[in-house]
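What follows is the residue order along each chain.
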Amino acid sequence: MYSRSMFDPLATFAVASLCWFAPMVHAADANVPPLKVGEGFKLHTINAESRFEPAGILDVNRDSRLDIFCGGFWYEAPSWQKHVVRQVQEEGGYHHDFADLPMDVDGDGWTDIVSAAWHNKKVFWVRNPGVEGGLWQVIDVDEPGNMETALVVDINGDRQPDVLPNIMGQAAWYEFHRDASAPHGVRWEKHPLPQQAAGHGLGAADVNRDGRCDIVTPNGWLEQTADGGWSWRPEFKLGYASIPILVGDVDADGDSDILWGLGHDYGVFWLEQSRDAQGTRIWHKSLLDKSWSQPHYLLLADLDNDGCDELVTGKRYHAHNGHDPGGNEPLCVYYYDFDKAAHRWTRHTMSEGGLVGFGINTAAADLDNDGDIDVVAPGKGGLYLFENLLK
């Protein structure tokens, strides 16, 4: 199996309307199969009416408990009381909120949220008001174009979080600097990336084990050079890939492999890195699972407390409003572990059926502070929490 340390932590649309929450009617809801929760988990319904697809885990109110942030609300642990954050525009079955990434942007000690969205084409952050309370202020950073979601990763190795949005028409990453003379005390800096990084699917990690963060795309990877530049390596084709594309040493053989799903089709895959007799890097593609569609978001979490991460993913509910292959088939959330000795993946059910899916951006952490990792599952079918019953 693979160690947690191997991975970086870090259509036509209707007229838009402003709303606290825009309910959606799903034609398929009446025929949804019964929910089955996998062994070892207890499912908590945080908000069955939620239709926001990203979620973040953070201590919003600094009470030393981890809360859940999702779209226009945050949910206070341990009762999951709902608090209003902001108005979020809804458009054509989607919200202007495709990422909920926790970080203290302005350095005031209160964790904020960085986001990106497809429809308004903006990267923005939502400021935690702290002790003042009330609504959170939305502050625009840039308007680079349609974005699927965004990732938090340390691109330049300065041990500070950077923001890497998955932009369709261009590619760039953003870093921020605390600056009292700048608006809101923050100065943002945009760093363009080569055009090869634009499109559907994105990841960031050290592919060649040289200590620098590289960028992974569906058609190859961008190697970060010693001077901060980028060299294009068109060594593979992944298809219409998930965000993120994950990178790490799956088989513990000392090199970095790749895990991804087809975000709008069937399939979860592993790309194993090795070298040929001449020392040239080669990639071997293996299929983990092709029985369900729309694995749009993947994460890594040590769910069984063995010191190694499992791959956690699930079906995004109506990623293209039911028009993707398998878009109206039953929802599911699974985790996969890798047996290094047998060189084999095993799938474990977290849930099947019902309206529980994996949205466009989420997280896992020990929310109940009992010593095991829990998983938050947002989506158009509601907001849910998988409580790990290991401890």
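Everything discussed here concerns the structure shown above.
These figures come from a predicted structure and were not determined experimentally. (Residues numbered from 1 in each chain as written. Predicted model: local features only at pLDDT ≥ 70, side-chain atom pairs only at ≥ 80, totals over all residues. Heavy atoms only, no water.)

1. Details of the pattern of salt bridges
So, point 1. In the structure shown here, the tally under the stated rule is eleven salt bridges.
So, point 2. When the shortest N-O distance is used, the salt bridge between Lys-122 and Asp-140 registers 3.0 Å. Of the two residues, Lys-122 sits in the loop between strand 10 (112-116) and strand 11 (123-127) while Asp-140 sits in strand 12 (residues 137-142), which places them 18 residues apart along the sequence.
So, point 3. On the accessibility criterion, Lys-122 (24% relative accessible area) is partly exposed.
So, point 4. Because the salt bridges share partners, they merge into one network encompassing Asp-106, Asp-108 and Arg-127. (Salt bridge = Lys/Arg side-chain N within 4 Å of Asp/Glu carboxyl O. Helix = DSSP H or I, 4+ residues; strand = E, 2+ residues; numbered from the N terminus. Buried < 20%, exposed > 50% of the residue type's maximum accessible area, 1.4 Å probe, protein only.)

2. Structural notes on the side chain of Asp-337
So, point 1. Note on placement: Asp-337 falls in strand 27 (residues 332-339).
So, point 2. In this structure, Asp-337 is buried with no salt-bridge partner, the nearest side chain bearing the opposite charge being Arg-344 at 8.0 Å.
So, point 3. Side chain to side chain, Asp-337 and His-348 meet in a polar contact 3.0 Å long. (Lys, Arg positive; Asp, Glu negative; His and termini not counted. Polar contact = N/O pair within 3.5 Å; in protein donor to acceptor, adjacent residues only side chain to side chain.)

3. Some thoughts on the sheet that holds strand 27
So, point 1. Across the sheet, which stays open at both edges, the five strands sit in the order 1-28-27-26-25 with antiparallel pairing between neighbours. Both edges of this open sheet fall to strand 1 (36-37) and strand 25 (298-301), since each of them pairs with a single strand only. (Pairing = 2+ DSSP bridges.)

4. Notes on empty space enclosed by the protein
So, point 1. Of the volumes computed, that of the largest cavity is approximately 70 Å³.
So, point 2. If you go around the largest cavity, the residues you meet are Arg-51, Phe-52, Glu-53, Pro-54, Gly-93, Tyr-94, His-95, Asp-97, Phe-98, Arg-316, Ile-360 and Lys-380.
So, point 3. Among the residues forming the lining of the largest cavity, the class breakdown is five nonpolar, two polar and five charged.
So, point 4. Considering only enclosed or pocket space, the second largest cavity measures out at about 30 Å³ in volume.
So, point 5. Along its surface, the second largest cavity is lined by Leu-164, Pro-165, Asn-166, Ile-167, Gln-170, Ala-171, Ala-172, Leu-193, Ala-197, Ala-198 and Leu-202.
So, point 6. Of all the elements, strand 14 (residues 162-167) adds the most residues to the lining of the second largest cavity, at four residues. (1 Å grid on protein atoms, 1.4 Å probe; cavity = no way out; pocket = protein on both sides within 12 Å on 5 of 7 lines; lining within 4 Å. Points joined across faces, edges and corners; volume = space filled by probe spheres on them. Nonpolar A, V, L, I, M, F, W, Y, C, P; charged D, E, K, R; others polar.)

5. Let's talk about the environment of Leu-35
So, point 1. For Leu-35, the location among the structural elements is in the segment before strand 1.
So, point 2. Given a relative accessible area of 39%, Leu-35 falls into the partly exposed group.
So, point 3. For the pair Leu-35 and Cys-70, spaced 35 residues apart in sequence, the C-alpha separation works out to 22 Å.
So, point 4. When neighbours within four sequence positions are excluded, Leu-35 is seen to be in contact with Leu-43, Ser-351, Glu-352, Gly-353, Gly-354 and Val-356. (Contact = heavy atoms within 4.5 Å.)

6. As for unusual backbone geometry
One can expect most non-glycine residues to show negative phi and most peptide bonds to be in trans.
So, point 1. Pro-78 follows Ala-77 through a cis peptide bond whose omega is 5°.
So, point 2. Tracing the backbone through its elements, the reader meets Pro-78 in the loop between strand 5 (73-76) and strand 6 (81-84).
So, point 3. Following Ile-243, the chain continues to Pro-244 via a peptide bond in cis, the omega torsion being 15°.
So, point 4. Position of Pro-244 among the secondary structure elements: in the loop between strand 20 (230-233) and strand 21 (246-248).
So, point 5. Here the phi dihedral of Arg-62 falls at roughly 55°; this positive angle occurs in a residue that is not glycine.
So, point 6. Summarising the element assignment, Arg-62 is placed in the loop between strand 3 (56-58) and strand 4 (67-70).

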